[in-house]
Amino acid sequence: MNDQPEGLAFLATDGRYFTQAANELDFNWSLLKLGAPETKNWEQCAVDHAALLSLDSGKVVNIGIDPKLIPFKEVKYIDSLIADKCKENQNYHVKLVPVRDNLVDKIWPQFEKIPIREFKEVYKLDDEYTGETAKSKLDRLNENYFKKYGSSTLILNALDEIAWLLNLRGSDIEYNPSFYSYLVINGIDDLTLYTDIDDKCKQNLKDYLKELNCEIKAYDEIWFDIRKMATQLNNSGKKLLLTEEATWKMVNCIIAKNFIEIESPIKSMKEIKNEVELRGQIQAQIEDGYALVKYFAWLEKELIQKSSFISEYEAAMELLKIRSGLENFKGLSFETISSTGANAAIIHYSPPSEGSAIINPNKIYLCDSGSQFLNGTTDTTRTIHFSEPTKEEIENYTLVLKGHIALARLIIPADHVTGFQVDCIARQFLWNKGLDYMHGTGHGVDSFGPVHSAGVGIGFRAYCNKNTLKEGHLVSNEPGYYKPGHYGIRIENMVYLKEVESKKGSLEFVTTTKVPYCRKLIAVNMLTDDEREWINNYHRSIWELFEHRFQKKSWEWAWLRRETSSL
C-alpha cells in the first residue's frame, strides 16, 4: 500500500459484494457499484479514463487486457465504447490491445507462492445419473444446431458444457466437478479433447472415448490446432462455430476470421433437465435436507441447551461432517456461508478458518450451503433465530417468505415468459415497504455440475431476459433482505418447472428442497390463508419424509416436529 497512490485502481462488483468490498478495500481503491444509479460499468470507466489520459498526453493510450481471460464478445463491446468516445473529441486516441504477459502474474510471486494448475482424475458419469448418452447429445447437437448454422465444426471452452456434453466429470476446480479442457467437434464423429490427464486416466477412458471417436491431446495444443483447422476450413470455403464464451485469444488464432459467433447450444440443452436428472435432483434434495435438519437441530442444542461457543467456521465444518456420510456425496457445491448477526448482511460472506465470529444465539443466523451428489446439485439457504427475534426481523423475514411463496406458487404460460419478467413476483411485498435486495431471485443449477449456470435465471440482469422459462428448467428461488451492520435474511429453495396437469400449455414451479422455515421468524398474521396452507403442506411433506429417520423423542426428532407443526 502506498502512502500516496499512483494512478487509479477500481474494483467493479455488483450488489452481492458492496458491503464486503467497502469493508475490505483500502484507500488505494475506488469501488464501482455495478447496477447502482448513475454508476458506469467498468468498461465505460476504463474508456473514459483512457480518453482523458490521451487528451492530457497527446498520445495514444492503450487499454491492455489478457486475451485468454476475456470473451471476444466483450472485446467487441469495449471497441464500440472506444469508437463512440473518440467521436466526442478528435483528440481522443484510445486503443484496446491484448497483453501477452499477464501483469498480475508478473508480480504475483512477490506476494505469495503461485498455485500450480493441477490436472486431476477425469471419469465417466454413469448413464443412471445422466439419463442420456453423450452420443445422443451429439446427435441432437447435429440435428438441431449444426444443420441450422451450416457448419459442424464447433470449439468449446466452457468447462461445464464440455463435462455435460461428454458425460465426464473431474475435480480440477474446487466445488465444481469439472476439469481443465477444451473440446473441438469437427463433425459428431470427430472429436478432440484437450486436457493434460495422466496415462492411467487416459487408459481408463480409452474405450469410452473410442466409442465417441474422441482423441485426447495436450491442453496447450489447442492454440496451434485452432490456427491449422481454421486455415483448412477457409481454404475449403467453410467456417467454424465459436460460442459467446470464446476468448479473444481464440479469435486471434483465426487469421482469416472465418467463424460464426453463436450462443452456445450446449448452454440451452443442459438447462432442460430430463426425467432421470429431475429424479436425481429430488433424491439429492432429500438427502441434503436430512443433513440440514440434523445440523440445525445440533446447532440449536449446542447454543441453547449447552451454551457452547461455536464459531461460524466450526459450524460450517460440522455441517460438512454430517454431509460427508450421505450416499453419493462428492463434496460441497460452494463454500458454506455460515454467518451470524451483521455478517449475514454480507451476501456472499464466508467465515475465515481463523478468527471467525462466535455465533450469537440472540441474533439472526444465515446459512447458505449446498452439496454435490452424483445424482444432483443442491443449494439451500435458511435464516433462523435461536432466541427472541425483534419485531422488525420477524416482519422483514415474513415479507421475504411471502415473495418466496408467491414465486413457488406461480403458474406461467409455457415458453412465453422470461425470468426477468417474473422477478418482481418475489420482490412485490418488499417493494410495498420500500425495501429490496441487490441480487437476482434465482439462478440455474446444473445436474452434478456448477451450482450457478448462466443459461437460465430469475432476476434483473440481461441474461435473465434472453431465454424463456421452459419445462425442465431447474432454478433457485431465493429472495432476501439485508440491513448492513445488523442482519441479513435469505430464503432459498430449488424449484423446477413442469407442465400443469389440468392446464395444458401452462407451467408450475415444483419445490425440491426439503428444509423447514424458521417458525420464530414467521408473522402468521401477515400471511393469507393460501400462504399458510402452502407452508403447512410443505412442512407436512418434510415431517413425513424424515420423522422415521430420527429416533423418536430425540433432540432432532423434537426439533423437526416443532419446526414442521401447523401454523
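Residues numbered from 1 in each chain as written. Predicted model: local features only at pLDDT ≥ 70, side-chain atom pairs only at ≥ 80, totals over all residues. Heavy atoms only, no water.

### Section: the side chain of His385
- Mapped onto the fold, His385 is located in the loop between strand E18 (380-384) and helix H14 (391-408).
- According to the relative accessible area criterion, His385 is buried, its value standing at 4%.
- Polar contacts involving the side chain of His385 include one to the main-chain carbonyl oxygen of Asn362, which spans 3.3 Å.
- Within polar-contact distance, the side chain of His385 engages the backbone nitrogen of Ser387 at 3.1 Å.
- Among residues more than four places away in sequence, those in contact with His385 are Pro361, Asn362, Lys363, Ile364, Glu393, Cys518, Lys520 and Leu521. (Helix = DSSP H or I, 4+ residues; strand = E, 2+ residues; numbered from the N terminus. Buried < 20%, exposed > 50% of the residue type's maximum accessible area, 1.4 Å probe, protein only. Polar contact = N/O pair within 3.5 Å; in protein donor to acceptor, adjacent residues only side chain to side chain. Contact = heavy atoms within 4.5 Å.)

### Topic: the sheet that holds strand E17 (residues 376-377)
- Strand order in the open sheet formed by three strands is E13-E16-E17, with antiparallel pairing between adjacent strands. At either margin of the open sheet sits one strand with a lone partner, and together these are strand E13 (329-332) and E17. (Pairing = 2+ DSSP bridges.)

### Remarks on the UniProt feature "domain: Peptidase M24" (unreviewed entry) in the protein
- The feature "domain: Peptidase M24" (unreviewed entry), as given by UniProt, occupies residues 288-499 in the numbering adopted here.
- Summarising residues 288-499: 29% helix, 25% strand, and an end-to-end C-alpha distance of 26 Å. (UniProt positions renumbered as here; feature names shortened; annotations may be inferred.)

### Quick word on the environment of Ser264
- Note that Ser264 resides in the loop between strand E12 (259-262) and helix H11 (265-271).
- A relative accessible area of 2% places Ser264 in the buried class.
- In contact with Ser264, not counting residues within four places along its chain, are Leu156, Glu161, Thr243 and Glu245.
- Polar side-chain contacts of Ser264 include one of 2.7 Å to the side chain of Glu161.

### Brief notes about the sheet that holds strand E15 (residues 365-369)
- Pairing within the open sheet is antiparallel, and its three strands lie in the order E14-E15-E18. In the strand order of this sheet, the two ends are held by strand E14 (337-340) and E18, each with one partner. Sheet twist, expressed as the mean angle between neighbouring strand axes with direction ignored, is 5°.
- Bridge analysis of E15 against E18 gives five bridges, and the strand direction is antiparallel. Following the sheet pairing, Cys367 is matched in E18 by Arg382.
- Strands in contact with helix H13 (residues 312-323) are E14 and E15; relative to E14, the strand with the most contacts, it is inclined by about 140°. (Axes fitted to C-alpha atoms, helices over the stretch in contact; angles between N-to-C directions.)

### Remarks on the packing of aromatic side chains
- Across all of its chains, the model carries 17 aromatic pairs by this definition.
- Centre to centre, the rings of Phe119 and Tyr180 are 5.6 Å apart; their planes meet at 65°, and the pair counts as edge-to-face. Taken together, the residues span a long stretch of sequence, with Phe119 in the loop between helix H4 (103-107) and strand E5 (123-124) and Tyr180 in the loop between strand E7 (168-169) and strand E8 (182-186) at a distance of 61 residues.
- An angle of 15° between the planes, with centres 5.4 Å apart, marks the rings of Trp534 and Tyr538 as stacked. Of this pair, Trp534 and Tyr538 both sit in helix H16 (residues 529-546), separated by four residues, roughly a single helical turn.
- Seen from the ring of Tyr180, Arg117 lies directly overhead, with NZ or CZ sitting 4.7 Å from the centre. (Phe/Tyr/Trp six-rings, centres within 6.5 Å; stacked < 30°, edge-to-face > 60°. Lys NZ or Arg CZ within 6 Å of the ring centre and 35° of its normal.)

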